[in-house]
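Below, each chain spelled out in residue letters.
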Amino acid sequence: MGTEPEPAEAAKATAPGVAHRRRTIIIALIAGLAVLAVAVAALLLNRPRTETAAPVQTSPAAQQSPAATPTPTPDPPPAALNILLIGSDSRVNERAIAASGAASDQRGDALVFIHLPADRQSVYGISIMRDLWVDIPGYGAAKINAGLELGGVPLMTQTVESLLGQHVDHSLMLDFQGFAALTDALGGVDVDIKQPFTGTIDDFVNFPAGVNRLNGPQALAFVRERHAFADGDYQRVRNQQTFLKAVLAKMAAEGGLSDANTVKQLVATVLPHITVDPGLTLEALERLASSLRSTAPGNGVFFTLPTAGVGTSSDGQSIVLQDPTATAAVSAALASGTLPEYIAANNLQNGN
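Residues numbered from 1 in each chain as written. Predicted model: local features only at pLDDT ≥ 70, side-chain atom pairs only at ≥ 80, totals over all residues. Heavy atoms only, no water.

1. Here's the deal with the pairing of strand β14 (residues 318-322)
Inference 1: In the sheet, strand β13 (residues 307-312) pairs with β14 via four bridges, with the strands oriented antiparallel. Bridging across to β14, Thr312 finds its partner in Ser318.
Inference 2: Between β13 and β14, which pair antiparallel one after the other, the connecting turn spans five residues, and Gly316 there sits at a positive phi close to 90 degrees. (Pairing = 2+ DSSP bridges. Helix = DSSP H or I, 4+ residues; strand = E, 2+ residues; numbered from the N terminus.)

Structural data, given as structure tokens:
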């Protein structure tokens, strides 16, 4: 899988009348989990403390019978949670349009389905190829990234739910500016590059094999590149997963979320580039943060939803073909809580 050269017209727009423009692909979602963790930590670190009331003078009789202290209600145990990370190619002033569910000139070129099992012992990320040919509810067959263009975040979420047969609890949309800003706010990120290459866009950055310290623009070039690879988008997705794991590892190793000032800086830098669904309330974020405290960063597993290679649609678009059997197997593993067994059986521990 993933060895076919990507046709030159692979980035052709799916909706008629929309001018082709360079797509950012998964540039922003790669920082999605880190950004979410930053936002959670900031909310917790800045939560106002309850003031302690002054002692009340009571009579001797009253002091002999102190009122019992109420027992706090414990938080419910964590449940399995699904989060959809969307990397939009939109301008900042169009993110609100996508959040509202209206049609707009932007695509969901970055899609990662994040699954958090109830025990929170690991994090699973399933990348979805942007050109995957799917049924978009209410519109018919199209590339999956057209969901955002046709109906904003709600339709993009509904399309992924239909594909995987899983409910999405929360959706998080990011833009490329936030991705680059987060990288620089972290002081750069060390990425171990297995497949060296020279970029074909912007500054034509050279990426030698081995550990590279990437700043914001370099990281952007790293995760955007596809033309330098024989299998195009497939290698790009691998690079994006590699970068995501490197960001999480750095934040964990350097205690990036344990210092209040660092958290505030990251949040101030990145939050203007994030759109979250209304369900991600303070209470929901607090519960999520609490449930993830024992999750080791090294326990993240990221892989790409298996496909049947590339092809051409009836109207001439270059597309990625679904592998219905593999998709059904992933869906069943998610539904039954056996995703670790599926990953082990298909040797996906280190991605694909």
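So that's the structure; there's more coming.
2. Points about the packing of aromatic side chains
Inference 1: Taken as a whole and judged by the stated rule, the model has five aromatic pairs.
Inference 2: Centre to centre, the rings of Phe197 and Phe222 are 6.0 Å apart; their planes meet at 20 degrees, and the pair counts as stacked. Of the two residues, Phe197 sits in strand β8 (residues 197-198) while Phe222 sits in helix α6 (residues 216-224), which places them 25 residues apart along the sequence.
Inference 3: The buried category is assigned to Phe197, whose relative accessible area is 6%.
Inference 4: Through a chain of ring-to-ring contacts, the aromatic side chains of Phe197, Phe207, Phe222 and Phe229 assemble into a single cluster. (Phe/Tyr/Trp six-rings, centres within 6.5 Å; stacked < 30°, edge-to-face > 60°. Buried < 20%, exposed > 50% of the residue type's maximum accessible area, 1.4 Å probe, protein only.)

3. Some points on the pattern of salt bridges
Inference 1: Under the defined criterion, the tally for this structure stands at seven salt bridges.
Inference 2: For Arg213, the salt bridge identified is with Asp190, shortest N-O distance 2.4 Å. With Arg213 in strand β10 (residues 210-214) and Asp190 in strand β7 (residues 189-193), the pair connects residues that are 23 residues apart, well separated along the chain.
Inference 3: Of the residues examined, Arg213 reaches a relative accessible area of 49% and is grouped as partly exposed.
Inference 4: Of the charged contacts, one joins Asp192 and Lys194 as a salt bridge, the two residues approaching to 3.0 Å between their closest N and O atoms.
Inference 5: Here the salt bridges do not stand alone but share partners, grouping Arg130, Asp131, Lys143, Asp233 and Arg236 into one network. (Salt bridge = Lys/Arg side-chain N within 4 Å of Asp/Glu carboxyl O.)

4. Section: the environment of Ile97
Inference 1: Considering the arrangement of structural elements, one finds Ile97 in helix α3 (residues 95-100).
Inference 2: For the pair Ile97 and Glu149, spaced 52 residues apart in sequence, the C-alpha separation works out to 9.9 Å.
Inference 3: If sequence neighbours within four positions are ignored, Ile97 has contacts with Ala102, Ala103 and Ser104. (Contact = heavy atoms within 4.5 Å.)

5. A look at the side chain of Asn239
Inference 1: With respect to the helices and strands, Asn239 occurs in helix α7 (residues 233-253).
Inference 2: With a relative accessible area of 7%, Asn239 lands in the buried category.
Inference 3: With residues near it in sequence (within four places) discarded, Asn239 still touches Phe197, Phe222 and Phe229.

6. Here we look at the confidence of the model for the protein chain
Inference 1: Put simply, the protein chain has an average pLDDT of 75, and 63% of its residues get 70 or more.
Inference 2: Low pLDDT (under 50) marks residues 1-59, which in the prediction has 147 contacts with non-local residues, meaning those over four places away or in another chain. (pLDDT = per-residue confidence, 0-100.)

7. A closer look at α6
What sets the pattern is the α-helix's 3.6 residues per turn: residues three or four places apart point alike.
Inference 1: For α6, the buried fraction is high: seven of the nine residues fall into the buried class.
Inference 2: Looking only at α6, the buried set comprises Gly216, Ala219, Leu220, Ala221, Phe222, Val223 and Arg224.
Inference 3: Two or three places before Gln218, at the opening of α6, Asn215 has a side-chain oxygen 2.9 Å from that residue's backbone nitrogen. (Polar contact = N/O pair within 3.5 Å; in protein donor to acceptor, adjacent residues only side chain to side chain.)

8. Looking at unusual backbone geometry
Inference 1: The phi angle at Arg120 is positive, at roughly 55 degrees, despite the residue not being glycine.
Inference 2: According to the relative accessible area criterion, Arg120 is buried, its value standing at 5%.
Inference 3: The backbone of Asn347 sits at a positive phi, close to 55 degrees, despite the residue not being glycine.
Inference 4: Here Asn347 shows up in the segment after α11 (339-345).

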